[in-house]
Amino acid sequence: MAVTGLGRIFAFVLLFVHLNDAQFTVPEVIIQALRPKGIRIYIPDSPNVSLFVFQGNINKKIGENDVGTLSAEVTKPTDGKWLYENPSLDLKVGDVINYYVYVVSDKKGYLKDNLSFTVKALESPSSNPAADCRNTPSVVRNGKACAGQVLFEDNFDSLREDLWQIEQYIPDEPDFPFVSYQRPPNAPTVAVEGGYLKIEPKLQQDLPGYSNNSIYMGKLNLLNGCTAISSKCQIEAWGASIIPPIASGKLISKTFGFTYGVVEVRAKLPQGDWIYPDILIESLFKKYGVTNYASGVIRIAGALGNQQLSAGNVEMGNKVLYGGPIMDLKCRKSLLSKKNSNKPWGDDFHIYTLRWEPERITLFVDGEEWGRTEPAASGLRGKLGPNCDAPRAAATDLSPFDDYFFLTLGLTTGGVTEFDDEITSQGIPKPWRNSGRKASLRFWQDMSSWLPTWRQPALLVDYVRVTAL
C-alpha cells in the first residue's frame, strides 16, 4: 500500500479513463468507521487491477478533481484487498463521507463518482462486512445492496443539496396544478427548521415584484435555476390563463435510484383547502412512457387538506388517508387504497411506510398495514386493458414497477386530477371545473374562501429512510 503524489493519480485519470468501457466494473467500495478511532476503505482484489485511488471529504461535498481530506493511492493489494487504513481518524455516528474512486484495470482507468457513506455505527476493527452481506431482491443504482442495509437516509439536520434536487419549474400535464415550484432565494418555499424539512406554499402575489394584478397580467420567469426544460420555466398571463397563483416546493432524490425496498417517512401532512402533499416514488428512466403515469408512481401517503370534503355521503377530506400505485389517470381511483380516521391525519406526525417487493406493494401507517396490491394476482395488471390503458410494449406482470425509482417530497394545490368536480367543501361546491379553461382563474377568484383555512399549510418531514429488503 502507498499514499503518494497526486499528480500521478490524475495522470492516470487523463490517460486511461474510459467511462463507457464495459469490460470492467468498479467493485463496491467497503467503508468501515472503526472504534475507538480509525477508518478502513477497500475494494476486493480483481485480476489485472493495478491501482486504486480514493478521494473523499467528511461532511462536505467533493468536486471533480478535488483532492479531498481523505486521499489514498493504493498501488498493490493486501490480503486480497486494495486497502487503505487511517487509524487516527476520529469519526462520529452521522458523519457523511462524500467520495469518488478511480480504479485502473488492464491499463485502463475507471471512474465511480457521486458516492457517499453515512456512519451508522462504529465497528470493531476485526469485523468483516463483506461476510455479512446477504442477498436481497433490492437493487440500488451505481452500487450493491445487502439485505437490511440502509440505502438512503436523511434526518434533515440541514438541507442536503447533495442528496436532493430542489425543483424549480412550472408543472403542467397531466395534473396541471395551480402552482409553480420555486426554490430559495427565489421563494421561501423549502427550508429545514428545528430538524424538520418544511415545504410551505406561498401566494405568488406576496413575493417580491408581484401583486394581485401580476397574477392576471404579469410574467413568471424561473429560467435562473430552472430544473426542467425552458418551456416549463416561464409563463405570461393572457386572458383567462393567469400565472400560477401559488408558489410551492418539491424535492427529488438527486442521484439515488432503487428497485424494491422499504421506504419509511415520518411526516405531518398539511391542512388547508385544496392542498395536498406528494410523498411518492417515481420512475427514474420512464421505461414505459413519460405521460399519464405510464411508467408508474407509487403514492406512499396522502390526504387532501380540506377539513370537510365530500361527494354525496362519501367523506374525502383530511380524515381519509390514500395511497398506492398509479399507472394511468383513468385507473387511479380504482387502484388507490384508503384508510379513514376519526381525526385529521394532519393533526400529528405519523410514520408512513411502503414495502415494495417483486410480488406485492404494501402500505403501512404507524406499523399497521392499510393497503396492498399484488401485480401478479391480477390486482394491478388486471385493472389494465383496452378500457383503461393502452397495452405496453415488453410489459411484465410487474410492470411498470420493475425499474429504478426515485423519491419525491412536495406539496401542491388544486389541479385537474386530485379533486373531483362533484365534491363540496363545507357544503360549498368546488369553485372550478377540471375540464374548464378557467380552472386556475376560478380557484384564484375564490381565495377569500380557502385562504382562511390555511392555518397549517406546510408539509413537515422528520426523516426519510430507504432500506433493502
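Structure first, text after, so check above.
Residues numbered from 1 in each chain as written. Predicted model: local features only at pLDDT ≥ 70, side-chain atom pairs only at ≥ 80, totals over all residues. Heavy atoms only, no water.

## Some details on the overall build of the protein
Here is step 1 of the chain: Counting its regular elements, the protein contains 6 helices and 33 strands.
Here is step 2 of the chain: Looking at the 469 residues of the protein, the share that counts as buried comes to 52%.
Here is step 3 of the chain: Total accessible area on the protein is roughly 21000 Å²; 49% of this is exposed by carbon and sulfur atoms. (Helix = DSSP H or I, 4+ residues; strand = E, 2+ residues; numbered from the N terminus. Buried < 20%, exposed > 50% of the residue type's maximum accessible area, 1.4 Å probe, protein only. Areas by Shrake-Rupley, 256 points an atom, 1.4 Å probe, with all protein chains shown as cover.)

## Details of the sheet that holds strand 2 (residues 39-44)
Here is step 1 of the chain: Reading across the sheet, the 3 strands line up as 1-2-5 and stay open at both edges, with antiparallel pairing between neighbours. The outermost strands of the open sheet, each flanked by one partner alone, are strand 1 (30-33) and strand 5 (81-86). If you compare each strand with its neighbour and ignore which way they point, the axes differ by 15 degrees on average.
Here is step 2 of the chain: As judged from the 6 bridges shared by strand 2 and strand 5, these two strands associate in the antiparallel manner. Note on strand 5: the bridge partner recorded for Ile43 is Trp82. (Pairing = 2+ DSSP bridges. Axes fitted to C-alpha atoms, helices over the stretch in contact; angles between N-to-C directions.)

## Some remarks on the state of the cysteines
Here is step 1 of the chain: In the structure shown here, the tally under the stated rule is 1 disulfide.
Here is step 2 of the chain: The disulfide bridge from Cys226 ends at Cys233, spanning 1.5 Å between sulfur atoms.
Here is step 3 of the chain: By relative accessible area, Cys233 is classed as buried at 0%. (Disulfide = S-S within 2.5 Å.)

## Topic: the packing of aromatic side chains
Here is step 1 of the chain: By the definition in use, this model includes 23 aromatic pairs.
Here is step 2 of the chain: Look at Phe156 and Trp164: their rings are 6.1 Å apart centre to centre, the planes differ by 25 degrees, and that puts the pair in the stacked class. The same class applies to Phe156 as to Trp164, namely buried.
Here is step 3 of the chain: Taking 5.0 Å as the distance between ring centres and 25 degrees as the angle between the ring planes, the aromatic pair formed by Tyr196 and Phe349 counts as stacked. A residue pair is termed long-range when its members are at least 10 positions apart, and Tyr196 in strand 13 (residues 196-199) and Phe349 in the loop between strand 26 (337-340) and strand 27 (350-356) qualify at 153 residues.
Here is step 4 of the chain: Grouped by ring-pair contacts, the aromatic residues Phe152, Phe156, Trp164, Phe256, Phe258, Tyr260, Trp356, Phe401 and Phe405 constitute a single cluster. (Phe/Tyr/Trp six-rings, centres within 6.5 Å; stacked < 30°, edge-to-face > 60°.)

## Looking at the sheet that holds strand 14 (residues 202-203)
The strands making up a sheet associate through hydrogen bonds between their backbones, and the pairing can be parallel or antiparallel.
Here is step 1 of the chain: Taken in spatial order, the 3 strands make up an open sheet running 11-17-14, and their pairing is mixed. The strands lining the two open edges of the sheet, one partner per strand, are strand 11 (179-181) and strand 14.
Here is step 2 of the chain: Pairing geometry for strand 14 and strand 17 (residues 246-248), over 2 bridges, is antiparallel. The residue of strand 17 that forms the bridge with Lys202 is Ala247.

## Observations concerning the environment of Leu354
Here is step 1 of the chain: If you trace the backbone, Leu354 turns up in strand 27.
Here is step 2 of the chain: The class for Leu354 is buried, based on a relative accessible area of 0%.
Here is step 3 of the chain: Residues Leu354 and Gly323, 31 residues apart in the sequence, show an inter-C-alpha distance of 9.7 Å.
Here is step 4 of the chain: The residues touching Leu354, leaving out its near neighbours within four places in the chain, are Gly261, Val262, Val263, Ile281, Ile298, Ile300, Ile361, Thr362 and Leu363. (Contact = heavy atoms within 4.5 Å.)

## Here we look at the environment of Pro325
Here is step 1 of the chain: Relative to the elements of secondary structure, Pro325 occurs in strand 25 (residues 320-326).
Here is step 2 of the chain: Taking relative accessible area as the criterion, Pro325 reaches 1% and is therefore assigned buried.
Here is step 3 of the chain: For the pair formed by Pro325 and Ile281, sequence separation is 44 residues and the distance between their alpha carbons is 9.6 Å.

## A look at the pattern of salt bridges
Here is step 1 of the chain: Applying the stated rule across the entire model yields 22 salt bridges.
Here is step 2 of the chain: In this structure, Arg40 engages Glu85 in a salt bridge whose closest nitrogen and oxygen atoms are separated by 3.0 Å. In this pair, Arg40 is assigned in strand 2 and Glu85 in strand 5, connecting sequence segments 45 residues apart.
Here is step 3 of the chain: Among the residues examined, Arg40 registers a relative accessible area of 12% and is labelled buried.
Here is step 4 of the chain: In this structure, Glu193 engages Lys198 in a salt bridge whose closest nitrogen and oxygen atoms are separated by 3.7 Å.
Here is step 5 of the chain: Here the residues in one salt-bridge network are Arg355, Glu357, Arg360, Glu369, Arg372 and Glu374, joined through shared partners. (Salt bridge = Lys/Arg side-chain N within 4 Å of Asp/Glu carboxyl O.)

## Considering the side chain of Ser337
Here is step 1 of the chain: Inspection of the secondary structure puts Ser337 in strand 26.
Here is step 2 of the chain: With relative accessibility at 15%, the residue Ser337 sits in the buried group.

## Focus on the side chain of Glu200
Here is step 1 of the chain: By secondary structure assignment, the location of Glu200 is in the loop between strand 13 and strand 14.
Here is step 2 of the chain: A distance of 3.4 Å separates polar atoms of two side chains, one belonging to Glu200 and the other to Lys198.
Here is step 3 of the chain: With residues up to four places along the chain from it excluded, the contact list for Glu200 reads Thr189, Ala247, Pro457 and Ala458. (Polar contact = N/O pair within 3.5 Å; in protein donor to acceptor, adjacent residues only side chain to side chain.)

So yeah, pure geometry; function would need other evidence.
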